[in-house]
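# A closer look at the structure
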Amino acid sequence: MIVLGIESTAHTFGVSVIDNRKVLSNIIDAYKTKSGGIIPYKASLHHVRVCKTVINKALDKAGADFSDIGLVSFSQSPGIGNCLKIGAAAARSISIVHDIPIIGVNHCIAHLEIANMLTDCKDPVLLYASGANTQIIAYEGGKYRIFGETLDNGIGNMLDSFARFIGLGFPGGPKIEKLAKKSNNYIEIPYVVKGMDVSFGGILTNLKNKVSSKKYKVEDLAFSLQETVFAMLMEVSERAMAHCNKNELVLGGGVACNKRLQQMAKIMCKERDAKCYIPENQFLVDNAAMIAWLGLIKYKAGNRMKLSETYIKPYVRTDDVLVNWR
Ligand code: AMP
Ligand code: MG
């Protein structure tokens with residue numbers, strides 16, 4: 001079955017065409033700012049501006065047209081309302097005009113399910129580290145449950161805030177990574193794990209104060225920041241694996257593109273005789289292939305959605321989702 005997926009939870013407008021497990025196209029157009037973070041209505045204007053081009057590019061690259069598409073899948077939850085609305089409206093329009101079934105899916109769960117499509121993992125723990133989200137998710141007792149999460153900022157947003165503070169611009173994560181490579185000098189900063197949760201707000205304040213004091217080199221701070229926050233993520237991921245008795249770890253989210261985070265995850269998994277799965281970057285960042293795939297497996301499990309049920313759900317939590325496709 002050929003599925004067209006649409007992603008629009010935040011800065012990224014993405015469209016993908018998949019044929020069962022084969023990704024025929026996976027096109028991304030992300031809203032970027034020179035300064036400041038995501039302004040919701042501006043991001044939605046971006047999505048409106050690019051949606052037609054991105055849809056056409058995805059169809060062209062896949063060598064498909066609307067008559068080939070058997071299902072339209074879109075990200076229905078969670079995300080920024082303004083942005084979700086554009087993807088949902090595009091999906092509804094395609095569904096109505098071309099008389100194609102439509103299905104809405106949960107973005108966070110899609111980050112986990114795509115690993116099941118791309119790799120041979122069976123029942124992993126997902127470390128989902130993105131701009132807005134930081135969650136440790138696993139399937140237990142009939143649901144995708146959150147075993148640990150950030151109590152304040154998403155890790156990516158925190159890296160971006162720090163990068164902005166030292167004048168590196170957005171997105172800051174890759175720039176911090178580059179800067180951190182220039183140092184091997186660890187400077188103590190707070191390490192904040194509370195039970196299974198993490199918190200980044202205090203770390204950011206501490207770093208900003210260190211920058212303002214002018215006593216430290218920024219590369220040393222970037223290095224120490226990465227070492228500390230990634231170690232925090234490893235601690236809670238490992239504990240979730242131990243609690244749930246699972247021996248597979250999957251990485252997801254834009255921050256998972258970071259090579260030092262990937263290296264730490266591989267070391268942790270090796271030490272506990274577990275497998276570490278890291279999809280290629282195009283499937284780590286927000287993308288529509290994962291949305292198409294989750295739509296497909298939900299549809300195959302018998303799920304159907306009326307047009308009246310396609311309203312967006314910005315605040316749905318991962319553990320609110322009824323899972324009937326496993
Ligand atoms: P997402 O929300 O999943 O699309 O991911 C976007 C976030 O990933 C932004 O906060 C980026 O700064 C961050 N990011 C992307 N590449 C890297 C990297 N190599 N290291 C750290 N963070 C990154
Ligand atoms: Mg995401």
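Residues numbered from 1 in each chain as written. Chains lettered and ligands numbered in written order. Predicted model: local features only at pLDDT ≥ 70, side-chain atom pairs only at ≥ 80, totals over all residues. Heavy atoms only, no water.

## Considering the sheet that holds strand β12 (residues 275–277)
Here is the rule we go by: Strands were regarded as paired on the criterion that DSSP finds at least two bridges between them. Secondary structure is summarised from DSSP: a helix means a run of H or I of at least four residues, a strand means a run of E of at least two, and numbering begins at the N terminus for each. Convention adopted: a line fitted to C-alpha atoms gives each axis, helices being fitted over their contacting stretch, and angles between N-to-C directions are expressed from 0 to 180 degrees.
The sheet built from five strands is open, its strands ordered β8-β7-β6-β11-β12 with mixed pairing. One side of each edge strand has no neighbouring strand; the edge strands of this open sheet are β8 (143–149) and β12. Ignoring strand direction, the axes of neighbouring strands in this sheet form an average angle of 25°. Relative to β8, strand β7 (residues 134–140) is paired through six bridges, and the arrangement is antiparallel.

## Brief notes about the pairing of strand β2 (residues 12–19)
Note the following rule: Only protein chains enter the calculation, and the probe is 1.4 Å; a residue is then buried if its accessible area is under 20% of its type maximum, exposed if over 50%, and partly exposed in between.
The buried fraction of β2 amounts to seven of the eight residues, a majority that puts the element mostly inside the structure. Two strands pair when backbone bridges link them, and strand β1 (residues 2–7) and β2 are joined in this way by six bridges, in the antiparallel orientation. Counterpart to Leu4 in the pairing with β2 is Val17. Pairing analysis gives eight bridges linking β2 to strand β3 (residues 22–30), with the strands arranged antiparallel.

## A closer look at the side chain of Asp220
As a reminder of what qualifies: Asp and Glu count as negative and Lys and Arg as positive, but His and the ends of the chain are not part of the count. The term salt bridge refers to a side-chain nitrogen of Lys or Arg lying within 4 Å of a carboxyl oxygen of Asp or Glu. Polar contact criterion, stated in full: a pair of N or O atoms within 3.5 Å, where within protein one must be able to donate a hydrogen and the other to accept it, and residues adjacent in sequence count only if both atoms are side-chain atoms. Whether two residues are in contact is decided by their heavy atoms: any pair within 4.5 Å suffices.
Topologically, Asp220 is positioned in helix α7 (residues 218–244). Look at Asp220: it is buried, it has no salt bridge, and the nearest opposite charge is Lys217 at 5.1 Å. Of note is the side chain of Asp220, whose polar atom sits 2.7 Å from the side chain of Ser183. Not counting chain neighbours up to four residues away, the residues in contact with Asp220 comprise Ser183, Asn185 and Ile187.

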